[in-house]
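Breakdown of the fold
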Amino acid sequence: MSSLFDWFANIRKTEPAVQKQQEREIADGLWTKCSSCNSVAYTKDLQANQLVCPECKYHNRVDSDERIKQITDAGTWKPLDENIHPIDPLKFRDRKDYQARLQDYQSKTGLTDAVTTGTGLIDGLPIALGVMDFRFMGGSMGSVVGEKLCRLIEHATAESFPVVIVCASGGARMQEGMFSLMQMAKISGALQRHQEAKLLYIPILAHPTMGGVTASFAMLGDIILAEPKATIGFAGRRVIEQTLREKLPDGFQTSEYLLEHGFVDSIVPRTQLKKTLTQLISLHQPFYTLMSPLEQNNGHHSEVSEKV
Amino acid sequence: MSKTKKKTFLLDFEKPLCELESRIDQIKTLAEENQVDVSAEISQLEIRADQLRQEIFSTLTPGQRLQLARHPRRPSTLDYVQAISDEWLELHGDRGGYDDPALVGGVARIDGRPVVIMGHQKGRDTKDNVARNFGMAFPGGYRKALRLMEHANKFDLPILTFIDTPGAWSGVEAEKLGQGEAIAYNLKKMFSFDVPIICTVIGEGGSGGALGIGVADRLLMLEHSVYTVASPEACAAILWKDAKKSDRAAAALKITSWDLKELGIIDGIISEPSSGAHANPVDAAVKLKQAIWKNLEELWQMTPQQRKELRYQKFRNMGRFEIVEAQ
Ligand SMILES: [Zn+2]
């Protein structure tokens, strides 16, 4: 919630100016400058590397459509519930009408709301996949995010599919008031039923995963994976700094911090994500396949270290 | 005998009423001392006081309702527990190294029937409030609550929770110990229990910290309590870029019991004494107990499966969206 605030504040202090020539080419999209190490990479190379900086391994934000391509086998994606659209149940107006905000984000992103859901195959194994998109109002969770994720999980329970959700969210969508808060309970309830059916759920925590998303489905995985250096937490930094009036520890609320304190199982570089997911899913389907698909495909086990 | 100093704390809108009430008291005392009959005048003034009370409390803004919900003299979880139960034994600890004073719980007997009760606990004065962390629980508080709910489920005791918190505690230690995980896990587990669960917002229902003990078969609110996705102050700071716009945020967020009943978020409103629960805590407790009992009687009629289905569907149906058919 308040973490959104932090996030916008961070956007504002972006990198200093660079050479004009390069700037033009960067503007053309031919080259992309890393916002972390400032090195300039050929955009096509960066995309081939799943938007991970080849120099510093900085994980750039991935839009939901791109993420779906990275995870699912080509041609297997079947979207669900694309016809669920947000409305403005409270007639909410802050400095702008919520309805107008929604329309702005819809036309800017081409998305209906902050999550895309569907089914697909991952190295031949079926999964139910939900991908949050930070571009749409900071990935905030309102009724549509809750409803689509709930339907996805219920579908997975009915079909005995594992669920994978890529989290990227500032938290609850305040413009929907209590409807927004209650999505936390609603999704958690659907996950309880999925669990009672002894099915696997793996959330992937991408940057940033905050507030009500952290305090519900992001932390409810049987196995919880995180991308390197993502910001993950319940309360926003700013809120904590204000209440405590002290400096926060180094690396506070990063993936690495959560790993150290026992709240994520593994930090997986994006370039290894599909492989790791396939491995985990196949390990939890002993009757589905006796031999790991990795062995079938590559003839060797996945490696933990990242190869670029 | 030393007279107990009654700490008076008045909200701005309470002042005219309080002045009138104390004037009535003064006149009564004077009349008694001088043995004069002023009963006609007194009853006139009392009618006026009733009217004034009516006027004040029926026209409160959402911002003023928020103040009322946070009233320092508003009865707390332990006040209600003591008022409604014949027996009460507080149980401590999350079995993980922590006992949170901001979230209390225990076993109780109400009208002969054993129950498990838990709730956020604000302090009764400044010192107590510091000790109670103003009702803002640590992860250990939510884990203690879960432990008590599992206990209730094992022994087939209904679970009653009282919600009264500005929010879960935001601090380095809370993050380190997994505030998000603690709340999330409660949300999920609460859907699994066979026993009836009744959650009542008695004061301030602040965000995820409130919801962490808020998954219910029946979700009730005391009339002058509030329940909100984010504190109006935080909401104003983020959306209006001005924390002083919190009154507007309070109105826009729809946080009052009436709004939330209308939106289908809560199942029932428990009416309060006419000047708020703090004006007559005994009466407020009676009403609370009646409401809980009525709901519990209904829930006992159902099988555990029916209750769990009811609980699931209740939250499942929360949310507003539209289905747009493809052109
Ligand atoms: Zn870089």
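Everything numeric in this text was worked out from a predicted model, so none of it was measured. (Residues numbered from 1 in each chain as written. Chains lettered and ligands numbered in written order. Predicted model: local features only at pLDDT ≥ 70, side-chain atom pairs only at ≥ 80, totals over all residues.)

What follows deals with the overall build of chain A. For chain A, the helix and strand inventory stands at twelve helices and ten strands. Counting every position in chain A, which comprises 308 residues, the buried fraction comes to 46%. Long-range pairs, those at least 24 residues apart, make up 67% of the contacts in chain A between residues at least 6 apart in sequence. (Helix = DSSP H or I, 4+ residues; strand = E, 2+ residues; numbered from the N terminus. Buried ≥ 20, exposed ≤ 12 C-beta atoms within 10 Å, placed from the backbone. Contact = placed C-beta atoms within 7 Å.)

Along chain B, the regular secondary structure elements total 14 helices and nine strands. A compact globule built from 327 residues would reach a C-alpha radius of gyration of about 20 Å, and chain B, at 21 Å, matches this within 12%. Considering only C-alpha atoms, chain B reaches an extent of 70 × 55 × 45 Å along its principal axes. Partitioning the intrachain contacts of chain B with sequence separation of at least 6 by distance along the chain shows that 69% fall at a separation of at least 24. (Rg over C-alpha atoms; globule rule 2.2 N^0.38 Å.)

Below, the discussion takes up the packing of helix α1 (residues 15–34) of chain B against helix α2 (residues 39–58) of chain B. Residues and elements named next belong to chain B. The contact between α1 and α2 brings their axes to 10 Å, and the two run at 165°. Comparing the axis directions of α1 and α2 gives the class roughly antiparallel. Here α1 runs over α2; the crossing is left-handed. The residues of α2 that touch α1, namely those facing P16, L17, L20, E21, I24, I27 and K28, are E41, I42, L45, E46, R48, A49, L52, R53 and I56. (Axes fitted to C-alpha atoms, helices over the stretch in contact; angles between N-to-C directions. Parallel < 35°, antiparallel > 145°, perpendicular 65-115°, else oblique. Left-handed = near helix turned anticlockwise from the far one by under 90°.)

A few words now on the UniProt feature "domain: CoA carboxyltransferase C-terminal" (unreviewed entry) in chain B. The sites that carry the UniProt feature "domain: CoA carboxyltransferase C-terminal" (unreviewed entry) are, in the present numbering, residues 44–298 of chain B. End C-alpha atoms of residues 44–298 of chain B are separated by 44 Å, and the span's content is 45% helix alongside 19% strand. (UniProt positions renumbered as here; feature names shortened; annotations may be inferred.)

Let us look at the nonpolar core. Counting residues in each nonpolar core, the largest one holds 156 residues, and the members touching the most others are L149, V163, C167, M182 and L205 of chain A together with I197 and C235 of chain B. Among the elements that take part in this core, helix α7 (residues 177–196) of chain A stands out by supplying nine residues, more than any other. In contact with L149 of chain A, other than residues within four places in its own chain, are V115, T117, G130, I165, I187 and F217 of chain A. (Core = buried A, V, L, I, M, F, W, Y, C linked by C-beta atoms within 7 Å.)

So, about the packing of helix α6 (residues 143–159) of chain A against α7 of chain A. Residue and element names in this part refer to chain A. Where α6 meets α7, the axes come as close as 9 Å, and the angle between the chain directions of the two elements is 5°. Regarding the angle of α6 to α7, the classification is roughly parallel. Residues S143, V145, G146, L149, C150, I153, E154, A156 and T157 of α6 lie in contact with α7, whose contacting residues are F179, Q183, K186, I187, A190, L191, R193 and H194. The class makeup of the residues in the contact of α6 with α7 is nine nonpolar, five polar and three charged. (Nonpolar A, V, L, I, M, F, W, Y, C, P; charged D, E, K, R; others polar.)

Turning next to the pairing of strand β8 (residues 201–209) of chain A. All names here are of chain A. Counting buried positions along β8 gives nine out of nine residues, so the element sits mostly inside the fold. Two elements, strand β7 (residues 163–169) and β8, share six bridges in a ladder whose sense is parallel. What sits directly across from V166, in β8, is I204. Tracing the backbone out of β7, into α7 and back to the parallel element β8 gives a crossover that is right-handed. (Pairing = 2+ DSSP bridges. Right-handed = clockwise from strand over helix to strand, strands pointing away.)

So, on to the confidence of the model for chain B. All names here are of chain B. Confidence along chain B averages 94 in pLDDT terms, with 97% of residues attaining 70 or more. Low pLDDT (under 50) marks residues 1–6, which in the prediction has zero contacts with non-local residues, meaning those over four places away or in another chain. In the predicted assembly, ipTM is 0.94 and pTM is 0.91. (pLDDT = per-residue confidence, 0-100.)

Now for the sheet that holds strand β6 (residues 125–132) of chain A. Working definition: the strands of a sheet are paired by backbone hydrogen bonds and lie parallel or antiparallel to each other. Residue and element names in this part refer to chain A. Read from one edge to the other, the open sheet built from seven strands follows the order β3-β5-β6-β7-β8-β9-β10, with strand pairing classed as mixed. Each having just a single partner strand, β3 (78–80) and β10 (266–267) make up the two edges of the open sheet. When strand β5 (residues 115–122) meets β6, the two strands line up antiparallel, connected through eight bridges. Looking at the pairing, I122 lines up with L125 of β6. Sheet strands touched by helix α4 (residues 64–71): β5, β6 and β7. Its angle to β6, the strand with the most contacts, is close to 160°.

Parsing chain B into structural domains produces domain 1 (12–59) and domain 2 (66–316). Between domain 1 of chain B and domain 2 of chain B, the C-alpha centre-to-centre distance is 35 Å. (Domains from an automatic or database assignment.)

How big an interface is tends to be stated in terms of accessible area lost as the parts join. Taken residue by residue, the interface counts 46 residues in chain B and 56 residues in chain A. Sorting the residues of the side of chain B that touches chain A by element identifies α7 (172–176), α8 (179–190), α9 (207–211), α10 (232–240), α11 (246–253), α14 (304–316) and β9 (321–323) of chain B as the ones contributing at least two each. For the side of chain B that touches chain A, the element with the most residues is α8 of chain B, which contributes seven residues. Here the side of chain B that touches chain A is built from residues that sort into 28 nonpolar, nine polar and nine charged. Of the strand pairs in this sheet, strand β4 (residues 84–86) of chain A and β9 of chain B are connected by three bridges, and their pairing is antiparallel. Residue H85 of chain A lies in a different strand from β9 of chain B, and its bridge partner there is E322 of chain B.

Take the environment of Q70 of chain A next. All names here are of chain A. Along the chain, the position of Q70 falls in helix α4. Here Q70 falls in the partly exposed class, since 16 other C-beta atoms lie within 10 Å of it. Along the backbone, Q70 and R270 are 200 residues apart, and their C-alpha atoms lie at a distance of 9.0 Å. Excluding residues within four positions of it along the chain, Q70 makes contact with Q50 and K274.

This part takes up the UniProt feature "binding site: Zn(2+)" (unreviewed entry) in chain A. Residues and elements named next belong to chain A. In the numbering used here, UniProt assigns the "binding site: Zn(2+)" (unreviewed entry) feature to C34, C37, C53 and C56. A maximum C-alpha distance of 8.6 Å places the annotated residues, which cover 23 residues in sequence, within one compact spot. Position of C37 relative to the elements: it lies in the loop between β1 (31–33) and β2 (40–42). Of note, C53 is situated in the loop between α3 (43–48) and α4. The residues contacting C53, other than those within four sequence positions of it, are C34, S36, C37, S39, A41 and Y58.

Our next topic: α2 of chain B. Here α2 of chain B is 20 residues long and its end C-alpha atoms lie 28 Å apart, about the 28 Å a rise of 1.5 Å per residue gives. The buried count for α2 of chain B comes to two of 20 residues, which makes it a mostly uncovered element. (Expected span 1.5 Å × (residues − 1).)

Put simply, side chains in a regular strand alternate between the two faces of the sheet. All names here are of chain B. Burial analysis of strand β5 (residues 197–206) places ten of its ten residues in the buried class, which makes it a mostly covered element. Bridging between strand β4 (residues 159–165) and β5 involves six bridges; their strand directions are parallel. Bridging across to β5, I159 finds its partner in I197. Summarising the sheet, β5 and strand β6 (residues 218–222) pair through four bridges and their orientation is parallel. Paired with T200 across the strands is L220, a residue of β6. As paired elements, β5 and strand β7 (residues 226–228) share three bridges and run parallel to each other. Along β7, the bridge assignment pairs G205 with Y227.

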